[in-house]
Structure formats: C-alpha cells, structure tokens
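Here's the letter readout for the chains.
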Amino acid sequence: MRKELRNVIRNRFFQIIFGIYTVMFLGGWGIGHFEEMREITHGVNPFWWAIVTMTTVGYGDFSPETSVGRMIAIFIMYGGILLTALLTATISSIFVAKRIREDKGLEKLDVTGHIVICGWLRNADILLDSLQSLSEDKTVQIVLINNEHEDLIASIKNKYRGLQIRPVRGDFTRETILERANIKEASTAIVLPSDSPEGGSHPDEKTIFGTLTIKTLAPGVRVVAYITERENLTHIRRANADEVILSDDFGAYMVAAHVAEPGVPQTIEALLDGRSPSRFHRADVPAEFVGKSYTELFDHFRQKHGWILVSTFSEEEHFGIGEILASDTSALDVFIERKLTEAGRSLTEKSKASVVVNPGPDYTIKKRERAVVVL
C-alpha cells in the first residue's frame, strides 16, 4: 500500500494536478480573506475566480481591488500559466510516447479484422505488393510481427501506402506478443519461416509452434502457414493450420513447365500477378444458379462479365486435426493434441476448402459454393 501511494505521489501528472488545486485553493482563500466583503468573496466565487484566472480565460465577472488581492492575482496568473503549460506538455508527451511505442511495435494495437503477418522473408514484399493490388478500394490493415530493423519497417510502410501497416516487435511464438497484435480480433494470420532462424534451428519449427500458439489463443482465426520442407507437412497440419503452402511444390513445377510446356508458366505468372488485368478472382455464385449446371454458370459469367469460370469451391465441415493424427501418435502428436484440448479446441470442428476444377458440363452447382474466375 505504501509503495503504491509513493508511486502515485511521484507521478508527474499527479504532481501537476495537485499543484493546480493547491494554487487554486490558496489563491481563492487569499482573495476571500483580503478582499473583505465584496461579491468576489461570497461562497465559491473566490475559487471560481482563481481557476478562471489560472487558465487565462478571464471572464471578467470578478476582479480584485485591494493591493494585496492584486498581488495574489499576479501569483495566481504566473502559477497558473506555468502549471497549465506543464499539464498540456505532460498530456502531449503521453500521446507522443504512445505513438512512438506503436511505431516501434512495443504497444498493444487496437485493430480488428486485420491480417497478421508473422515472421519475415527477404521476398515477403511480394506478398504485401499482391495484397495492395488485390485490395482495390478496400482498406486493408496489416500487422507485422517480427524482429526486423526499424529502418526496414519504415521503408515498408513508406512503400505500401495503400495498406495500413502497423508493426509489433517480438517473437510470434510468444502469447504476449500475439496478444499485443490483438490476434483474437484478426481475420487471418500468415506465418512465414525466417531466412535466418535463431539458434541454428530449422525455420519450419518456428512456423509449426507459431501456428499452434495462434490456434490455441484464437481458434477462429484463419491461419495460412508457409513451410520449406515436405517432411514437415504432417506436423503443420497437426498444428491445425487452415491452409499450408509448401515452397518447393510450385517452384519445382514451374521449372519443369518451362522445359516441357513453354507458355504455361508464363500464363500462370500472369494470372497470379495482382496487378494484371487478367488474374484469378473469387466471385459469389448468384442464388438462381444453385441447382443448375456448371455450363450454365460458365455461360453466365462469360456473357455478363467477360469472365472465365475456372472452378467452384465450398467449405467442408468436420475436417480437422483428428483426421490426420496417426494411430501411433508420437510425443509431438500428444503434445499438440493436449494443447488444443486445453484451449477448448475440437479436433474435428474446423472447415477446409474443397475445390472442384473444371468439372464436367453436367456438374450441378451446390448451395454455399463460390466461384473462382479469370477476369
């Protein structure tokens, strides 16, 4: 109790407020005592006059007439100007310090519906470039969690002005850092492996544990995890990542396609370019086409918008970690399952996307399906 009281007394804001009230009461008492029986001395009038004088408002409804009263007024004026200036400076410094801490990624962010990017790759700016291109007129809030230098973060914010980028400094596998990024209110978390992992560990290890931590804290947040080696695919799925991107899959295919099928990789690159006028785009299926054939929906998009229907997709319920855990679970399996259970996370409650690419013409469009088209 004494320690808390001592901390309050030492607080600069408390000291200034105490000084303002002290000057107000002393000045009011002095005016009430030395101005004799004038209106300024009645009731709370002397204290009202004192605070009005201290803040330099000066309504002019009262004024001292005695020499002593005027000396007291001079004391109140100078004391009020000094204390008011100190109060203004203190309040301003609080907001400035908060802003500086936010810019350095040391303050908890008040954002919702944002995208959290955990970790950083040397080519991660391609991700931000695509997000900026695909966002169009929508405001996209990005929170970056990493330990990169402040100059890099500043250059990223300056380069991608179309995105609202806010940094959080720290290790994204720690709960306190994720809470600082307000992970529970995020829409999506993207977990990237580090180019230079700490302590010589494999970069996928941090991705796996980061995914597990996010899913433990915020089960409803959609997690997209990027791993570098196929042997870790089972582990990242056991951590309940919603989507997994394996770095060597696409790269290997593109290299082979350049040799075996020239023209195909160039087309893919154009379709994946967020700035290209002809690119992949997700579209809603009009309600009147539910129950109709794929061909009818294809013709509708082509004739009305000039789009090419590529695929449809839907969310499959009851597909989760329980379906991929091996029967002879290892210690890591048991650990992941226990952590998810402690967090109240069902092993079969998360939905996944089921994609149907270019089906037969008689394929029937189902309820809640959406479309992927080429603009």
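The coordinates are above.
None of these values were measured; they are calculated from a predicted model.

**Student:** Help me out: how do you make sense of the side chain of Asp 171 in this one?
**Tutor:** With respect to the helices and strands, Asp 171 occurs in the loop between strand 3 (163-169) and helix 7 (175-180). In terms of polar contacts, Asp 171 uses its side chain to reach the side chain of Thr 173, at 2.9 Å. Once residues within four sequence positions are removed from consideration, Asp 171 is found in contact with Asn 147, Ile 177 and Lys 206.

**Student:** Whenever I open this one, the packing of aromatic side chains confuses me. Can you help?
**Tutor:** Enumeration over the complete set of coordinates arrives at three aromatic pairs. A connected cluster of aromatic rings, assembled from ring pairs, spans Tyr 21, Phe 25 and Phe 47.

**Student:** What is the right way to look at the sheet that holds strand 2 (residues 140-146) in this model?
**Tutor:** Working definition: the strands of a sheet are paired by backbone hydrogen bonds and lie parallel or antiparallel to each other. In space, the six strands of this open sheet follow the order 3-2-1-4-5-6, with parallel pairing throughout. Two strands close off the open sheet at either side, each with one partner strand: strand 3 and strand 6 (243-246). Averaged over all adjacent pairs, the angle separating strand axes in this sheet is 20°, with direction ignored. Two strands pair when backbone bridges link them, and strand 4 (residues 188-191) and strand 5 (residues 222-227) are joined in this way by four bridges, in the parallel orientation. When the sheet's bridge partners are listed, Thr 188 is paired in strand 5 with Arg 222.

**Student:** Hey, could you run me through the nonpolar core in this one?
**Tutor:** The nonpolar side chains of a soluble globular protein tend to be buried with one another. Among the nonpolar cores identified, the biggest contains 20 residues, and Val 116, Cys 118, Val 143, Ile 145, Leu 178, Ile 183 and Ile 214 are the most heavily contacted of them. Mapped by element, the contributors of at least two residues to this core are strand 1 (115-118), strand 2, helix 7, strand 4 and helix 8 (203-217). In this view, Val 143 contacts Leu 109, Val 111, His 114, Ile 115, Val 116, Ile 117, Arg 166, Val 168 and Ala 181; residues no more than four positions away in its chain are not counted. Ranked by size, the runner-up nonpolar core spans 18 residues in total, among them Leu 128, Leu 131, Ile 165 and Ile 190.

**Student:** Got a minute to help me understand helix 12 (residues 294-304) in this structure?
**Tutor:** Two residues of an α-helix separated by three or four positions point the same way, owing to the 3.6 residues in each turn. What helix 12 keeps buried is the set Tyr 294, Leu 297, His 300 and Phe 301. Looking down the long axis of helix 12, one finds its buried residues gathered within 125° of arc, a one-sided arrangement. Just past helix 12, the residue Gly 306 takes up positive phi, approximately 80°.

Calculation criteria
- Residues numbered from 1 in each chain as written.
- Predicted model: local features only at pLDDT ≥ 70, side-chain atom pairs only at ≥ 80, totals over all residues.
- Heavy atoms only, no water.
- Helix = DSSP H or I, 4+ residues; strand = E, 2+ residues; numbered from the N terminus.
- Polar contact = N/O pair within 3.5 Å; in protein donor to acceptor, adjacent residues only side chain to side chain.
- Contact = heavy atoms within 4.5 Å.
- Phe/Tyr/Trp six-rings, centres within 6.5 Å; stacked < 30°, edge-to-face > 60°.
- Pairing = 2+ DSSP bridges.
- Axes fitted to C-alpha atoms, helices over the stretch in contact; angles between N-to-C directions.
- Core = buried A, V, L, I, M, F, W, Y, C linked by side-chain atoms within 4.5 Å.
- Buried < 20%, exposed > 50% of the residue type's maximum accessible area, 1.4 Å probe, protein only.
- Arc of directions from axis to C-beta.

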